[in-house]
Amino acid sequence: MGEIQRKFDAISKKYDEQRRKFIPCFDDFYGAAVSVASVDAKNPDILDIGAGTGLLSAFLMERYPDASFTLIDISEKMLDMAKDRFRNNSKVKYIAADYSKYDFSEKYDMVVSAVSIHHLEDKEKKELYKKSYSILKRTGFLLTPIRYMEKLFS
C-alpha cells in the first residue's frame, strides 16, 4: 500500500468535515464546478477521478439526477464512504485503483476531478490530461475546479 493511499484511508471518516474547513467558500467551490458542467446528454456518463467520498459527484447528482457515475480512487476506505453516501443510487460504480495508471475502457460525457490532480507531478498531470481527453465522448469535457481555488490564492 502506498503512502498516499494509507493517508487517505486514515482520514476517510473525517474527510467531508475537513473539506468544509479547508476549502474557502466550500459551496461556491463545488457550485462553480456544477454551474459550468453542461452537456447535451440527458443522462450523462460521468467519471470522477480521485473521487474520494464522492463530494463532487454528490453536487453533480443534484444537477444530473439520472446520470451514471463512475468513481475511481486509490483509497478503498474513501470509496466506502462514497458507497454509503450513494447507497440508494444504482447508477454509481466504484473502482478502487490509481487513476493515473488505470486502463479505462469506457467513454464519458464528463471527466471530473475536484481536489486530487494537484497530488501529481507535472509530467503525471500532463499524461492524465491526455488520458482524460482520450476517454471523452466527442462532445464531452474535462472539469477540474482546482483551477478555481488556485486563482483565489494567486
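All residue numbers refer to positions counted from 1 along the written sequence of the respective chain. Note on the predicted model: pLDDT of at least 70 is required for a residue's local features to be given, and 80 or more for side-chain atom pairs to be given and counted; whole-chain, interface and lining totals, by contrast, use all residues. No hydrogens and no water enter the side-chain calculation; it runs on all heavy atoms of the structure.

A. Up close: the nonpolar core. Ranked by size, the top nonpolar core spans 24 residues in total, and within it I46, L60, F69, L71, M110 and V112 carry the most contacts. When contributions to this core are tallied by element, the ones reaching two or more residues are α3 (26-36), α4 (55-63), β2 (68-73), α5 (76-85), β4 (108-112) and β5 (136-143). Secondary structure elements follow DSSP: runs of H or I no shorter than four residues count as helices, runs of E no shorter than two count as strands, and numbering proceeds from the N terminus. Ranked by residue count, the leading element in this core is α4, at four residues. Setting aside residues up to four positions removed in sequence, L60 forms contacts with V34, A37, I46, F69 and V112. Grouping buried Ala, Val, Leu, Ile, Met, Phe, Trp, Tyr and Cys residues that are joined through side-chain atoms within 4.5 Å yields what is termed a nonpolar core. Each residue is assigned to one of three classes by its accessible area relative to the maximum for its type, calculated with a 1.4 Å probe on protein chains only: buried under 20%, partly exposed between the two thresholds, exposed over 50%. Counting 13 residues, the second largest nonpolar core, distinct from the first, contains A97, L128, I135 and L142. Here a residue-residue contact requires only that any non-hydrogen atoms of the pair lie within 4.5 Å.

B. Highlighting the pairing of strand β3 (residues 92-96). Bridge count between β2 and β3: five bridges; the pairing is parallel. Counterpart to F69 in the pairing with β3 is V92. The β-α-β motif built from β2, the intervening α5 and the parallel element β3 has right-handed crossover chirality. For two strands to pair, DSSP has to find at least two bridges joining them. Whether a crossover is right-handed comes down to one check: with the strands pointing away from the viewer, does the path from the first strand over the helix to the second run clockwise; if it does, it is right-handed.

C. Looking closely at the side chain of S113. Relative to the helices and strands, S113 resides in the loop between β4 and α6 (122-134). Under the relative-accessibility criterion, S113 is labelled buried at 1%. Here I49 takes part through its backbone oxygen, which lies 3.0 Å from a polar atom of the side chain of S113. The term polar contact refers here to a pair of N or O atoms within 3.5 Å; inside protein, the definition further demands a hydrogen-donor-capable atom paired with an acceptor-capable atom, and it admits residues adjacent in sequence only when both atoms are side-chain atoms.

D. Broad picture of the side chain of S132. Counting through the fold element by element, S132 comes out in helix α6. The contacts of S132, once residues within four sequence positions are left out, are I49, V111 and L142.

E. Main features of the pattern of salt bridges. Throughout this description, the term salt bridge denotes a Lys or Arg side-chain nitrogen within 4 Å of a carboxyl oxygen of Asp or Glu. One pass over the full model with this rule turns up six salt bridges. With a shortest N-O distance of 2.7 Å, K137 and D45 are connected by a salt bridge. Of this pair, K137 sits in strand β5 while D45 sits in strand β1 (residues 45-49), placing them 92 residues apart in sequence. Here K137 falls in the partly exposed class, since its relative accessible area comes to 30%.

F. Representation of the confidence of the model for the protein chain. pLDDT measures how confident the predictor is about each residue, on a scale from 0 to 100. With 75% of its residues at a pLDDT of 70 or more, the protein chain has an overall mean of 80. At the level of individual helices and strands, the protein chain shows its lowest average pLDDT in helix α7 (residues 146-153), which scores 43, and its highest in β3, which scores 97. This stretch, residues 147-154, has a pLDDT under 50; its non-local contacts, to residues over four places away or in other chains, come to six contacts.

G. How the structure looks around the sheet that holds β2. Strands sit in the order β3-β2-β1-β4-β5 across an open sheet of five strands; the sheet is parallel. A single partner strand is all that each edge strand has here, and the edge strands are β3 and β5. Each neighbouring strand pair of the sheet contributes to a mean axis angle of 15°, computed without reference to strand direction. Pairing of β1 with β4, which is carried by three bridges, proceeds in the parallel orientation. Only C-alpha atoms enter the line fits that serve as axes; for helices the fit covers just the stretch in contact. Angles between N-to-C directions range over 0 to 180 degrees.

H. Structural context of the environment of A41. Along the polypeptide, A41 turns up in the loop between α3 and β1. Along the sequence, A41 and Y64 sit 23 residues apart, while their C-alpha atoms lie 9.7 Å from each other.

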